[in-house]
Amino acid sequence: MTTKKPRTRMAATPRKPLTQLPAWKALVAHHRSVGNTHLRELFAADPRRGTRMTLEAAGLYLDYSKNRVTEKTLKLLVELARQAGLAGRRAAMFRGDRINVTENRSVLHVALRAPRGAVILADGKNVVPEVHAVLGKMTSFSERVRSGEWKGHTGKAVRNIVNIGIGGSDLGPVMAYEALRHYSQPGIVFRFVSNVDGTDFVEATRDLDPAQTLFIISSKTFTTLETMTNAHSARAWLLQGLGAADEAVSRHFVAVSTDAANVSAFGIDPENMFTFWDWVGGRYSMESAIGLSTMLAIGPSNFESLLKGFREMDEHFRHAPFGRNMPVLMALLSIWNNEFLGAQTVAVLPYEQYLKRFPAYLQQLTMESNGKHVTLGGRKVNYETGPVYWGEPGTNGQHSFYQLIHQGTRLVPCDFIAFGQSLTPLGRHHDILVANVFAQAEALAFGKTAAEVRAEGTAAALVPHRVFEGNRPSNVVLADRLTPEVLGRLVALYEHSVFTQGVIWNIDSFDQWGVELGKVLAQRIIPELEATTLPRLRHDSSTNALIRRYRKLKSAKQGRRRVGDTIVQQREIPGSAVPPPLGV
Ligand code: F6P
C-alpha cells in the first residue's frame, strides 16, 4: 500500500434516509397486508413454492421458500437494494474506494482471493502481485514446516503449532482449522490461544514440547493486549523450557501482522513475518496471511482451493442480478425478518460437526460489522441494524434451545446448513442427521394446529401446550460436502450478505469503534489491580467497590506468576508495545 493521500476519499454517500426511500415505504404498506400470512397459506397457494423459491450459485443450493415472503415482498426488497445504491457501493468496494469512511480505508478482502493476473487498485496501485507474493512466502514456509525441513533451536522438527491471536486473528484460523480438520496434516498438533485468561495459554501448551513448538503471533496491529500478553508468556515458556536465550526465538516464532516495527520490537526476525495490509479488516482476514495456520494444516494446494471457493462466490455476488444473487437475497430476507417481522436475531445451525466454530466466527463477522447505531453520515438510525447471530451445530441444539425457537414468544429466523455427504461416513448417521435438518425446518414453518393436536387424542388441558404455531422462517443451505472450496464459498456468502445489509442500513460495516472504550478503561484499571497499595479510585461506586473486593480476594503474590509449571519473574520487556505482565 502506498501512503500517499487517497485520490478518492469516499464521502458519506448522500442518500435519502432509509425510511424515506419509496421502496421502504412500499414495504411498510406491504407488510400491513401480508405480514401475518402463515407459511401454511403461502405453500397451499403455490404448490411449486418449494422449488421456485430456491437458488443455486457457486455450488451452493439455497432454499428460501420457508420465509414469510411473497413474490411481491421479494420484488420490493430487491427494489430497496436498488434504491439504497447497492450496485454502486458494491462496485466501489471492488474498485478499491475507501468505503470504510470512518477509518478512511479501502475494503479489499476480495483482492486476497483474486487470481494472479487480476488488477485491483488501492490508491492507484495494483495490490494483487503483493497478495500473491505473500501467498508464495506462506507456501514455501508451510512446505518447509510440513516436511520437517524447518528445525527448531535444538534441531528438532516442528510437531506443534500454536496460533496466538484474538478476534479476527483467531476466529477465522480456529474456525477454518476445525472446519477443515479432515484435510489436516496428521502428526502436527494445532492449538489456538486467544483469551488473556492465562488458563487458555497454560492448557494449550501443558503437554507440548517447546523444542518442537512453533508459535504464530497473529495480530494486525501487534499491539492487542491479549495477544501481546500471550505472546510474551509464550516466549517465557519457550526460553525457560529450552533453557535458551533470545536467539532461540527466531526458530520458534513467526508473526503475521501489518506492523513490521512492532514485530521486530518483539524480537521476531522480519524474515519470519508474513504481512497483510490495512485494507484487510480483521474479521475479513482468514484467507490473508492470518490463514498461515490454515495453510500449515491443510497444505498450500487445499488453501488454493479455499481461495477458489471465495472467488466463485465473489464473482457470483458481483455479477448476478439482485433477485438471483445469493448473498443479496439472504441479506434482504434478513432485513425483512429484522425490520418488518420484528426478529432480533438469526440462529446459524450447521448440521456438520466440523463447522462447530462457524457460528462463533460469524458472530464477529456479522456483529462487529453491523452492530452500529449511526449512518455513514453520523446520524442516529431510526430502524434496527445488525441482528444478534448465534448458534450451535445440530443436532445438539435441538436438545437445548430449539424449544424457544419452536414455542417461545420471540421470532428466531434460522439458517440451516447441511451437506449431501459426510466426510466421516458411519452407518446411518448422516441420513439421520440430515433428516433432522429437514424436519426442523418443516416443523418451524408449518407447526401443528390445535385441531391436529386434538385429533391425536391429547387431553384438552394439554392441547395449548402441544400446539406449534409454526410460521417461523428459515433458510436451508445445502452443498455436496465440506471441502476447502465449499468453506470459501460459505464464508464469502456471509461476508457479502453482511456487506449488503450494511449498505441498506447505510452504516459503516468495516469499523469497530464500539470495542475501544472497554479497552481504554481496562488499561486504566489494570494498574489499580496490580498496585501494591490501593490507589485513589475515581470510578463510579460500583466499579470502585468491585476493584476493592477483587484486591481482597486475589491471593497471588505480586511480582511472581505461574506460567504452566514454571515460575517466572515479572518484568517489563523493552521495546514491547504493551507492558507485559509476564516475561523473562
Ligand atoms: O477488538 C477488536 C479487534 O480490533 C478486531 O476487529 C480484531 O479482529 C481484533 O481486535 C484483533 O486485532 P489484532 O489483529 O490487531 O490483534
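Summary of the structure given here. It should be emphasised that the depicted structure is a prediction, and the values quoted were computed from it without experimental measurement.

1. Structural notes on the sheet that holds strand β8 (residues 253–257)
Then comes step 1: Reading across the sheet, the five strands line up as β6-β5-β7-β8-β9 and stay open at both edges, with parallel pairing between neighbours. Each having just a single partner strand, β6 (189–193) and β9 (273–275) make up the two edges of the open sheet. Neighbour to neighbour, the strand axes of the sheet diverge by 20° on average, direction disregarded.
Then comes step 2: As paired elements, strand β5 (residues 160–164) and strand β7 (residues 213–218) share five bridges and run parallel to each other.

2. Quick look at the site of the ligand
Then comes step 1: Contacts to the ligand come from 14 residues, most closely from S169, S219, T221, T224 and E368.
Then comes step 2: In the model, an oxygen atom of the ligand is placed 2.7 Å from a nitrogen or oxygen of the G168 main chain.
Then comes step 3: The side chain of Q364 places a nitrogen or oxygen atom 3.2 Å from an oxygen atom of the ligand.
Then comes step 4: Calculation on the ligand without its partners gives an accessible area of 390 Å², and the protein chains cover 87% of this total.
Then comes step 5: Partitioning the shell around the ligand into residue classes produces two nonpolar, nine polar and three charged.

3. Description of the packing of aromatic side chains
Then comes step 1: One pass over the structure, following the stated rule, counts 24 aromatic pairs.
Then comes step 2: Both rings, one in F215 and one in W237, keep their centres 5.6 Å apart while their planes meet at 90°; by these two values the pair is edge-to-face. Separated by 22 residues along the polypeptide, F215 in strand β7 and W237 in helix α9 (residues 225–242) bring together distant segments of the chain. In terms of burial, F215 and W237 fall into one category: buried.

4. Notes on the pattern of salt bridges
Then comes step 1: Going through the model one piece at a time under the given rule, you end up with 26 salt bridges.
Then comes step 2: Among the ionic pairs, E178 bridges to K356, the shortest N-O distance being 3.9 Å. Of this pair, E178 sits in helix α7 (residues 171–179) while K356 sits in the loop between β10 (345–350) and α15 (358–370), and the two are 178 residues apart along the sequence.
Then comes step 3: A relative accessible area of 14% means that E178 is categorised as buried.
Then comes step 4: Under the relative-accessibility criterion, K356 is labelled partly exposed at 37%.
Then comes step 5: Through salt bridges with shared partners, one network takes in R113, E287, D314 and E495.

5. Here we look at the packing of α7 against α15
Packed helix pairs are characterised by how far apart their axes lie and by the angle those axes make with each other.
Then comes step 1: It is at 9 Å that the axes of α7 and α15 come closest, and there the two elements cross at 155°. With respect to α15, the element α7 is oriented roughly antiparallel. Here α7 and α15 pass one another in a crossing that is left-handed. Residues L171, G172 and M175 of α7 form the contact with α15, whose own contacting residues are F358, A360, Y361 and Q364.
Then comes step 2: Of the residues belonging to the contact of α7 with α15, the class tally is five nonpolar, two polar and no charged.

6. Focus on the pairing of β6
Then comes step 1: Pairing of β5 with β6, which is carried by five bridges, proceeds in the parallel orientation. Its bridge partner being in β6, I164 is matched across the sheet by V193.
Then comes step 2: Each parallel crossover has a hand, and for β5 linked through α7 to β6 it is right-handed.

7. Quick notes on the sheet that holds strand β2 (residues 60–63)
Then comes step 1: Taken together, six strands build an open sheet; the order of strands is β1-β2-β13-β12-β10-β11 and the sheet is mixed. Edge strands, defined here as strands with exactly one partner in the open sheet, are β1 (54–57) and β11 (388–390). Adjacent strand axes in the sheet meet at a mean angle of 15° when their direction is disregarded.
Then comes step 2: Where β1 and β2 come together, four bridges link them in antiparallel fashion. Its bridge partner lying in β2, T54 is registered against D63.
Then comes step 3: In the packing of helix α17 (residues 429–446) onto the sheet, the strands contacted are β12 (414–419) and β13 (474–479), and the crossing angle to β12 comes to about 155°.

8. Some details on unusual backbone geometry
Then comes step 1: With an omega dihedral of 10°, the bond running from G394 to T395 counts as a cis peptide bond.
Then comes step 2: Looking at the secondary structure, you find T395 in the loop between β11 and α16 (402–407).
Then comes step 3: The backbone phi angle of N104 is positive, close to 55°, even though this residue is not glycine.
Then comes step 4: With respect to the secondary-structure elements, N104 resides in the loop between α5 (86–95) and β3 (121–122).

9. Details of the environment of G50
Then comes step 1: Considering the arrangement of structural elements, one finds G50 in helix α3 (residues 49–52).
Then comes step 2: G50 sits in the partly exposed class, given a relative accessible area of 27%.
Then comes step 3: Remark: the alpha-carbon pair of G50 and A204, spanning 154 residues in sequence, is separated by 47 Å.

10. What about the packing of helix α4 (residues 71–83) against helix α14 (residues 326–340)?
Then comes step 1: For the pair α4 and α14, interaxial distance at closest approach is 10 Å and the crossing angle is 105°. Classed by the angle they form, the pair α4 and α14 counts as roughly perpendicular. Taken together, the residues of α14 that come into contact with α4 (itself represented by T73, L74, L77, V78, L80 and A81) are L329, L332, L333, I335 and W336.
Then comes step 2: When the residues that make up the contact of α4 with α14 are grouped by side-chain class, the tally is 10 nonpolar, one polar and no charged.

11. Some thoughts on the side chain of S334
Then comes step 1: Following the sequence through the fold, S334 ends up in helix α14.
Then comes step 2: A polar side-chain atom of S334 sits 3.3 Å from a polar atom in the side chain of Q501.

12. A closer look at the nonpolar core
Then comes step 1: Counting residues in each nonpolar core, the largest one holds 122 residues, and the members touching the most others are W279, F358 and L487.
Then comes step 2: A total of 12 residues in this core trace back to one element, the largest contributor, which is helix α20 (residues 484–505).
Then comes step 3: A204, A211, L242 and I268 belong to the second-largest nonpolar core, a separate cluster that totals 26 residues.

The rules behind these values
Residues numbered from 1 in each chain as written. Predicted model: local features only at pLDDT ≥ 70, side-chain atom pairs only at ≥ 80, totals over all residues. Heavy atoms only, no water. Pairing = 2+ DSSP bridges. Helix = DSSP H or I, 4+ residues; strand = E, 2+ residues; numbered from the N terminus. Axes fitted to C-alpha atoms, helices over the stretch in contact; angles between N-to-C directions. Near = heavy atom within 4 Å. Polar contact = N/O pair within 3.5 Å; in protein donor to acceptor, adjacent residues only side chain to side chain. Areas by Shrake-Rupley, 256 points an atom, 1.4 Å probe, with all protein chains shown as cover. Nonpolar A, V, L, I, M, F, W, Y, C, P; charged D, E, K, R; others polar. Phe/Tyr/Trp six-rings, centres within 6.5 Å; stacked < 30°, edge-to-face > 60°. Buried < 20%, exposed > 50% of the residue type's maximum accessible area, 1.4 Å probe, protein only. Salt bridge = Lys/Arg side-chain N within 4 Å of Asp/Glu carboxyl O. Parallel < 35°, antiparallel > 145°, perpendicular 65-115°, else oblique. Left-handed = near helix turned anticlockwise from the far one by under 90°. Contact = heavy atoms within 4.5 Å. Right-handed = clockwise from strand over helix to strand, strands pointing away. Core = buried A, V, L, I, M, F, W, Y, C linked by side-chain atoms within 4.5 Å.

Note that every value here comes from positions in space, so none of it alone points to a role or purpose.
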